[in-house]
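Fold and contact review
Okay, here's what each chain looks like letter by letter:
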Amino acid sequence: MENRLSHQKRALHRFTLAQTAFRQARLLCSHIESLDLNNKDEIASSLMAGVVVSYVRPFLRNDGVGSLPGKFSKFGKDEPFGKYHDILIEARHWVYAHRDNQNAPNLNGGTVSDETVSEVILTLRKDGYSVSINEPQISTKQLINFGALCAYQHNRINEAVGDLIISIMENHKIREGVYRITDKLEPIS
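Residues numbered from 1 in each chain as written. Predicted model: local features only at pLDDT ≥ 70, side-chain atom pairs only at ≥ 80, totals over all residues. Heavy atoms only, no water.

Things to note about the packing of aromatic side chains
Condition: Each aromatic pair joins two rings of Phe, Tyr and Trp (for Trp, the six-membered one) with centres within 6.5 Å, and gets the label stacked for planes under 30 degrees apart, edge-to-face for over 60, and tilted for any other angle. Secondary structure elements follow DSSP: runs of H or I no shorter than four residues count as helices, runs of E no shorter than two count as strands, and numbering proceeds from the N terminus. Each residue gets one of three labels from its accessible area relative to the maximum for its type: buried under 20%, exposed over 50%, partly exposed in between, using a 1.4 Å probe on protein chains only.
Across all of its chains, the model carries seven aromatic pairs by this definition. Where Phe15 meets Phe72, the ring centres are 5.9 Å apart and the plane angle is 65°; that geometry is what we call edge-to-face. A residue pair is termed long-range when its members are at least 10 positions apart, and Phe15 in helix H1 (residues 4-35) and Phe72 in the loop between helix H2 (42-56) and helix H3 (81-96) qualify at 57 residues. Accessibility expressed as a relative area gives 8% for Phe15, which makes it buried. Residue class for Phe72 comes out buried when judged on its relative accessible area of 2%. Ring centres of Phe81 and Tyr152 lie 4.5 Å apart, and the angle between their planes is 20°; this geometry places the pair in the stacked category.

Dropping the structure here:
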C-alpha cells in the first residue's frame, strides 16, 4: 500500500511536469505569433505540433507518474477553454501524433470533405515537378486562444501545487527549508 508521502510526491511530480508543459506550450504559441506565420508556411505545422504535443502530454498515459486528474479537462460553461482543449486533444490524436485523414476534424471550425483532405496537387513544369497535399491543420489564428488556455491551465495547476505543498507541510510538520522527497522527507539545508 502506498503511503501518503509517496502519493504526495507523485502528485507533486505530475503537477510540476504539467506546469512545465503548459509553460512551454504557451511560450511556443507566443514565439509562433512573433514569426507571423500562416498555415501555408511549412514550418508552421511542425511548430504547431510542438504546441499540441506539449499541451496534451500531461493528459495522457504517463507511466510512473500518471496523467492529470480529470478536473483539469473540465471547464465552466462560460469558459471557452473546453473547446480549445478538445481541439488540441483531437489534433494530437488525429493530425500531429498520427495521420488519420478519415477521422481528422477540420481544426479551423468548418467541415472538410474526404476529397479535399486526400487531394494531391501535381504540378509539372519543363524543369521539373512539385507535389503538394492538403493537410488538416490548426489555424495559426488559434494561437492566441491556445496561449490563453495554457496560461489558464498553468494557474489551475499552481493552485493545486500550493494546496499540495500546504498539505505536505501540515502532514509532515516541516517549515521553511529545502527538502528531498524520496520514500521519506529529508532536509537538504
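Some words on the nonpolar core
The line we're drawing: Working definition of a nonpolar core: buried Ala, Val, Leu, Ile, Met, Phe, Trp, Tyr and Cys residues. They are joined through side-chain atoms within 4.5 Å. In this description, contact between two residues means that some pair of their heavy atoms is separated by no more than 4.5 Å.
Ranked by size, the top nonpolar core spans 43 residues in total, and within it Phe15, Tyr55 and Ile138 carry the most contacts. Listed by contribution, the elements that provide at least two residues to this core are H1, H2, H3 and helix H5 (143-172). The element that contributes the greatest number of residues to this core is H1, accounting for 10 residues. With residues near it in sequence (within four places) discarded, Phe15 still touches Leu68, Pro69, Phe72, Ile157, Ala160, Val161 and Leu164.

What about the pairing of strand S2 (residues 128-133)?
Cut-off, in case you're wondering: Two strands are said to pair when DSSP picks up at least two bridges between them.
Burial of S2 is sparse: only zero of the six residues sit out of reach of the surface. Pairing between strand S1 (residues 120-125) and S2: six bridges, direction antiparallel. Residue pairing across strands places Ile121 opposite Ser132, the latter belonging to S2. Linkage of S1 to S2, two consecutive antiparallel strands, is achieved through a turn of two residues.

What about the confidence of the model for the protein chain?
For the record, the criterion: Per-residue confidence from the predictor is reported as pLDDT, a score between 0 and 100.
In this model, the protein chain carries a mean pLDDT of 86, and residues with pLDDT of at least 70 account for 88%. Taken element by element, the protein chain is modelled with least confidence in helix H4 (residues 114-117), mean pLDDT 54, and with most confidence in H5, mean pLDDT 95.

Concerning unusual backbone geometry
Unusually for a residue other than glycine, Asp36 sits at a positive phi of about 55°. As for its position among the elements, Asp36 is in the loop between H1 and H2. We classify Asp36 as exposed; its relative accessible area is 65%. Positive phi, normally seen in glycine, also occurs at Lys173, with a value near 50°. Taking the relative accessible area as the measure of exposure, Lys173 reaches 72% and is therefore exposed.

Points about the environment of Thr182
Filter applied, for reference: Polar contact is defined as a pair of N or O atoms within 3.5 Å, subject to the rule that within protein one atom must be able to donate a hydrogen and the other to accept it, and that residues adjacent in sequence are counted only when both atoms are side-chain atoms.
Structurally, Thr182 is set in the loop between strand S3 (179-181) and strand S4 (185-187). Owing to a relative accessible area of 30%, Thr182 belongs among the partly exposed residues under this scheme. Remark: the alpha-carbon pair of Thr182 and Lys9, spanning 173 residues in sequence, is separated by 7.7 Å. Within the local environment of Thr182, its side chain forms a polar contact with the side chain of Asp183, the two groups lying 3.2 Å apart.

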